[in-house]
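Coordinates in review
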Amino acid sequence: MQISICIQAEVDEHATSFYNAPIEDVTDGRVWLLVNYDDCMWDYELVDDFIDGEQGGVPFSQPIQTLGDCEGFFEGYRILNAEDCISDYLGFV
């Protein structure tokens, strides 16, 4: 799966790729690249949380999974939008 990542790096204004990844946009030192999800190193944590409520007069406690701290790296550069990338890939809303 290809995703759009944002890193902070200096690139030549005429460059079309960065570490073989196509450059989508460059703005104020931020570089948007189109990369394969598996080409990045990810560090994230799934946190089980619970929703307590009542439905039809019957109490319930429903487990849900949420994302904890999320970081990502591409060729040693920190991915600035890592949490969004991980959320999209894992199907979190």
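In this report, we go over the structure that sits alongside the text. Note that the structure is predicted; figures quoted are calculated from it, not measured.

Rules behind the numbers
- Residues numbered from 1 in each chain as written.
- Predicted model: local features only at pLDDT ≥ 70, side-chain atom pairs only at ≥ 80, totals over all residues.
- Heavy atoms only, no water.
- Disulfide = S-S within 2.5 Å.
- Buried < 20%, exposed > 50% of the residue type's maximum accessible area, 1.4 Å probe, protein only.
- Pairing = 2+ DSSP bridges.
- Helix = DSSP H or I, 4+ residues; strand = E, 2+ residues; numbered from the N terminus.
- Phe/Tyr/Trp six-rings, centres within 6.5 Å; stacked < 30°, edge-to-face > 60°.
- Contact = heavy atoms within 4.5 Å.

What follows is about the state of the cysteines. Applying the stated rule across the entire model yields zero disulfides. There is no disulfide at Cys40, and the cysteine sulfur nearest it, in Cys85, is 7.3 Å away. Among the residues examined, Cys40 registers a relative accessible area of 8% and is labelled buried. Note on Cys70: no disulfide assigned, nearest cysteine sulfur contributed by Cys85 at a separation of 10 Å.

Below, the discussion takes up the sheet that holds strand β2 (residues 17-18). Spatially, β1-β4-β3-β2 is the arrangement adopted by the four strands of the open sheet, whose pairing is antiparallel. If you trace the sheet from one side to the other, it starts and ends with β1 (2-8) and β2, each paired once. Summarising the sheet, β2 and strand β3 (residues 21-27) pair through two bridges and their orientation is antiparallel. Bridging across to β3, Phe18 finds its partner in Ala21.

A few words on the pairing of strand β6 (residues 46-55). Remember that side chains alternate between the two faces of the sheet whenever the strand is regular. With respect to burial, β6 is a largely exposed element, only zero of its 10 residues being buried. For β6 and strand β7 (residues 58-67), the ladder comprises 10 bridges, and the chain directions are antiparallel. Across the sheet, Asp49 pairs through a bridge with Ile64, a residue of β7. In this structure, the hairpin formed by β6 and β7 is closed by a connection of two residues, where Gly56 is found at a positive phi of approximately 60 degrees.

This paragraph deals with the packing of aromatic side chains. As enumerated under the stated definition, the model contains five aromatic pairs in all. Measuring from ring centre to ring centre gives 5.3 Å for Phe18 and Tyr77, while their planes differ by 70 degrees; the resulting arrangement is edge-to-face. Separated by 59 residues along the polypeptide, Phe18 in strand β2 and Tyr77 in strand β9 (residues 77-78) bring together distant segments of the chain. With a relative accessible area of 10%, Phe18 lands in the buried category. Summarising the aromatic geometry, the rings of Tyr37 and Trp42 are spaced 4.8 Å apart at their centres and angled 20 degrees between planes, so their arrangement reads as stacked.

Let's shift gears to the side chain of Asn81. When you line up the elements, Asn81 lands in the loop between β9 and α1 (82-90). Excluding anything up to four places from it in sequence, Asn81 contacts Ser4, Ile5, Cys6 and Trp32.

So far we have only geometry, and geometry alone does not tell us how the molecule works.
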